[in-house]
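# Architecture and fold: a report
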Amino acid sequence: MLKKLLLLQAFLKKEFIVFRRYWVNSLGSMITLYVIFLLVIGGFQGVRAWAGVGGDTVEGLVVGYVLWLFMLATYQDVSHTLRSEAQEGTLEQLYMSTHGLGWVMGAKVVAGFFTNLVLVVVLLLAALATTGVTLNVDFLSLLPLVVGTLLGSVGIGFAIGGITLVLKRIDSYTQMVQFLLIALVAVPAGRVLWMRLLPCSYGSALITRVMVGGESLVQLGLWNVAAMFFVGLIHLLLGFGVYKICERKAMLAGMLGHY
Amino acid sequence: MIRVESLEKTYPSRKGHPAVKAVDGISFSVQEGELLGFLGPNGAGKTTTVKMLCGLIKPNSGQIFINGIDLVHRRIPALAEVSAVLEGNRNIYWRLTPRENLEFFAALRGQSPARLRADIDHYLERFNLGEKRDVEARKLSRGMQQKLAIAVALISQSKVVLLDEPTLGLDVQASYEIRQLLIEIVKEQGRTIILTTHDMNVVQDTCQRVIIVNEGRIVADDSVHNLLDLFRVRVYSIKIQGQLTPSQKGSLLAMEGVVMEEESPDRTSISVRLEDSQILYEVIGILESNHSIIESIDQDQNNFERVFLEIVKGGSQGA
């Protein structure tokens, strides 16, 4: 277990070093994402005024945008890492790790979670300041819900990363996943039961209930939270399963590290 | 330390390309503390074999044992005994410094960077990276990046180190330094090193033993010394002032082992490969017949490049 902690520490340190050393780049990413948010919120308000509808859905939009961002960053931590490490020539070293690639990617995801958390919190604060809305930011309730929701993103990341290992250079297709994630955040999983089975959707609905509706984890009910985690785990395992099939295919074809 | 038995690998057909048998039932073993050259022309199957030794490619059949551990069925425990530099200077993170790279890869291989601090400092100094320890790897010269990649492979404390083209693209000085480092590491640490290279000078200078593969099969497995002896031929290079007459050219070209080249209107070069010493006298006799002026006669050194080419050529003809 100590070795696994050392592995996690190594990834945390690497993430921090790169984040700090390339802070201009990190800042640029934040500004870009903030500008995108301004465009989204501006477009939304324009459409709302044009259609003559009202309501408090700006809160929902802020939550949806920030959650989508977190899911996208987590998804990319897996799929983008597998692709970029193959491009840079270090993927084979990750494969030769004595921990096994599953643990290595797990450590990478957890380390990335903290970096992404900084990014998401900063953008959330900026979004709240810009829109003037208030949200219930109950960290104790939100943390397990966010973790459960992101399991689905990790699963999608493994599946897409695995497919990229085999098919190579399919960026134009994998970019569509970010739109898929928007749909997964936006579907009404709170009202339509079967949509709770989609990756991330159930968690997204529960997070909205906490942040917009002001409910706590206890009020959501243990059953709901447990079901959300279960669905997330299933998606994680399915994604990892797809990845392992692709990995085996890539190893048989001798194209594991090629890109 | 390494035992390979009847290893086979066929890449499946795809996109209209037929299946390719890259490795065709090879078997060999490597002892602890041995520096082995694993050679072959492009497409001979050496990179496939090395990647199978790293657990990165699954063989179709055959067995690989690393320090007694079955790599095919117990990949993770076996990999604790193996480290590799497969992509040259691309095996490291360019946005991290040499120290940070060594610390990261130590943890990746299950080592504690804190406990290895002395080793990390040792390798940084040993590989002349001490002054650059806090400089991002992307800013280092190619030679330094290559040395860092090798240091990263060594920091894992693995007993077996696989190096794919460790001197590729390096200048003479950097290549020489790496050769010396490899010799010292084997001597001092008793590690087993397998290297693939196209640079026969590297092989001749560093390797105790070579395995040469061609078309997926082993065509030679012997010490460098024995192979040099086996293929020892005497080749003389004769420089002549001016050009030869047509009758001289005809007589020389009719002789086996004679190659002629008109370097310029003022000079002709003749290479004579001697199967017996009588041939040299016959060549000189032909030159004397028209009073050609001999500028010099030199004996060429036998080198491993020639040995390699002879073996590969022989292997292809035999196949």
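Per chain, residue numbering runs from 1 following the sequence as it is written. Lettering of chains starts at A and numbering of ligands starts at 1, both following the order in which they are written. At least 70 in pLDDT is required for a residue's local features to be given in this predicted model, at least 80 for side-chain atom pairs to be given and counted, and no such filter applies to totals for whole chains, interfaces and linings, which use all residues.

## Details of the overall build of chain A
Numbering of helices and strands runs from the N terminus, with a helix taken as a DSSP run of H or I at least four residues long and a strand as a DSSP run of E at least two residues long. Helix and strand counts for chain A come out as 11 helices and zero strands. Moving toward the C terminus, one meets the helices and strands of chain A in the order α-α-α-α-α-α-α-α-α-α-α. For a compact globule of 259 residues, the expected C-alpha radius of gyration is about 18 Å, and chain A comes in at 19 Å, within 12% of that figure. Each principal axis of the C-alpha atoms in chain A carries an extent, and together these give about 60 × 45 × 35 Å. The exposure scheme places C-beta atoms from the backbone and then counts, for each residue, the other C-beta atoms within 10 Å of its own, assigning buried at 20 or more, exposed at 12 or fewer, and partly exposed in between. Taking all 259 residues of chain A together, 39% fall into the buried category. By definition, residue pairs are in contact when their C-beta atoms, positioned from the backbone, come within 7 Å. A separation of at least 24 residues holds for 82% of the contacts in chain A among residues at least 6 apart in sequence. Restricting the calculation to C-alpha atoms gives the radius of gyration, and the globule rule supplies 2.2 Å times the number of residues raised to the power 0.38.

## Considerations on the overall build of chain B
Secondary structure summary: chain B contains 11 helices and 14 strands in total. Dimensions of chain B, computed from C-alpha atoms along their principal axes, come out at roughly 80 × 45 × 40 Å. Looking at chain B alone, contacts between residues at least 24 apart form 69% of all its contacts between residues at least 6 apart.

## Notes on the sheet that holds strand 1 (residues 2-11) of chain B
With antiparallel pairing, the four strands of this open sheet are ordered in space as 2-1-4-5 (chain B). Strands with a single pairing partner mark the edges of an open sheet, and in this sheet they are strand 2 (20-30) and strand 5 (69-70) of chain B. Any two strands are treated as partners once DSSP identifies two or more bridges connecting them.

## Regarding the pairing of strand 3 (residues 35-39) of chain B
Residue and element names in this part refer to chain B. With five of its five residues buried, strand 3 lies for the most part within the structure. The alternating pattern of strand 3 places Leu35, Gly37 and Leu39 on one face and Leu36 and Phe38 on the opposite face, and all of these are buried. Where strand 3 and strand 8 (residues 192-196) come together, three bridges link them in parallel fashion. Note on strand 8: the bridge partner recorded for Leu35 is Ile193. Where strand 3 meets strand 9 (residues 209-214), four bridges bridge the pair, whose relative direction is parallel. Along strand 9, the bridge assignment pairs Leu39 with Ile212.

## Brief notes about the interface of chain B and chain A
Across the boundary between the two partners, chain B contributes 30 residues, which contact 26 residues of chain A. Mapped by element, the contributors of at least two residues to the side of chain B that touches chain A are helix 1 (46-53), helix 2 (75-79), strand 6 (82-85) and helix 3 (98-108) of chain B. Of all the elements, helix 3 of chain B adds the most residues to the side of chain B that touches chain A, at six residues. Counted by class, the side of chain B that touches chain A contains 16 nonpolar, six polar and eight charged residues. Under the scheme applied here, ten amino acids are nonpolar (Ala, Val, Leu, Ile, Met, Phe, Trp, Tyr, Cys and Pro), four are charged (Asp, Glu, Lys and Arg), and all others, including Gly, are polar.

## What to know about helix 6 (residues 139-167) of chain A
Taking 1.5 Å of rise per residue, the 29 residues of helix 6 of chain A would be expected to cover 42 Å, and the 40 Å separating its terminal C-alpha atoms lies within 8% of that figure. One or two steps after helix 6 of chain A, the chain reaches Lys168(A), where phi turns positive at roughly 60°. A helix is expected to span 1.5 Å for every residue after the first.

## A word on the domain arrangement of chain B
By domain assignment, chain B separates into domain 1 (2-229) and domain 2 (234-300). When each unit is reduced to the centre of its C-alpha atoms, the spacing between domain 1 of chain B and domain 2 of chain B is 45 Å. Note: domain ranges come from an automatic or database domain assignment.

## Digging into the sheet that holds strand 9 of chain B
Strand pairing in a sheet is mediated by backbone hydrogen bonds. Such pairs are either parallel or antiparallel. All names here are of chain B. The strand order across the open sheet built from six strands is 6-7-8-3-9-10, with neighbouring strands paired in mixed fashion. Every interior strand has two partners, whereas the edge strands, strand 6 and strand 10 (217-223), have only one. The sheet shows a mean angle of 15° between the axes of neighbouring strands, direction not considered. The axes used here are C-alpha line fits, helices contributing only the stretch in contact, and every angle between their N-to-C directions lies in the interval 0 to 180 degrees. Contacts between helix 5 (residues 142-155) and the sheet are confined to strand 6 and strand 7 (160-164), with strand 6 contributing the most and set at about 175° to the helix.

## A word on the pairing of strand 11 (residues 234-241) of chain B
All names here are of chain B. Here eight bridges tie strand 11 to strand 13 (residues 267-274), and the two strands are oriented antiparallel to one another. Residue pairing across strands places Ile240 opposite Thr268, the latter belonging to strand 13. In this sheet, strand 14 (residues 294-300) lies alongside strand 11 in antiparallel orientation, the contact comprising six bridges. Considered in strand 14, the bridge of Ile240 is made with Ile294.

## With respect to the nonpolar core
In this description, a nonpolar core means buried residues of the types Ala, Val, Leu, Ile, Met, Phe, Trp, Tyr and Cys, linked to one another by C-beta atoms lying within 7 Å. If you look at the biggest cluster of nonpolar residues, it comprises 143 residues, and the most contacted ones within it are Val66(A), Leu162(B), Val210(B) and Ile212(B). The biggest single contributor to this core is helix 3 (residues 57-88) of chain A, with 14 residues. Leaving out residues up to four positions away in the same chain, Val66(A) has contacts with Val120(A), Leu123(A), Leu124(A) and Ala127(A).

## Some details on the environment of Thr10(B)
Residue and element names in this part refer to chain B. With respect to the helices and strands, the residue Thr10 is situated in strand 1. Exposure remark for Thr10: the 16 C-beta atoms within 10 Å place this residue in the partly exposed category. For the pair formed by Thr10 and Leu228, sequence separation is 218 residues and the distance between their alpha carbons is 33 Å. Once residues within four sequence positions are removed from consideration, Thr10 is found in contact with Ala19, Val20, Lys21, Ala22 and Asn60.

## Digging into the packing of helix 3 of chain B against helix 5 of chain B
Residues and elements named next belong to chain B. Where helix 3 meets helix 5, the axes come as close as 9 Å, and the angle between the chain directions of the two elements is 30°. Our classification of the angle between helix 3 and helix 5 gives roughly parallel. In terms of crossing hand, the pair formed by helix 3 and helix 5 is right-handed. Touching Pro98, Asn101, Leu102, Phe105 and Ala106 of helix 3 are Leu148, Ala151, Val152 and Ile155, all from helix 5. Along the lines of polarity and charge, the residues of the contact of helix 3 with helix 5 split into eight nonpolar, one polar and no charged. In these notes the angle categories are as follows: under 35 degrees is roughly parallel, over 145 is roughly antiparallel, 65 to 115 is roughly perpendicular, and the rest is oblique. Crossing handedness is defined as follows: a turn of the near helix away from the far one that is anticlockwise and smaller than a right angle gives a left-handed crossing, while the clockwise case is right-handed.

## Some remarks on the environment of Ile26(B)
All names here are of chain B. Within the secondary structure, Ile26 is located in strand 2. Residue class for Ile26 comes out buried when judged on the 21 C-beta atoms lying within 10 Å of it. Residues Ile26 and Lys9, 17 residues apart in the sequence, show an inter-C-alpha distance of 9.9 Å. Not counting chain neighbours up to four residues away, the residues in contact with Ile26 comprise Val4, Leu7, Thr49, Val213, Arg217 and Ile218.

## What to know about the confidence of the model for chain A
For chain A, the average pLDDT comes to 88, and 95% of its residues sit at 70 or higher. The quantity called pLDDT is the predictor's confidence in a given residue, expressed from 0 to 100. No element of chain A has a lower mean pLDDT than helix 7 (residues 171-174) of chain A, which averages 77, and none a higher one than helix 9 (residues 201-211) of chain A, which averages 93.

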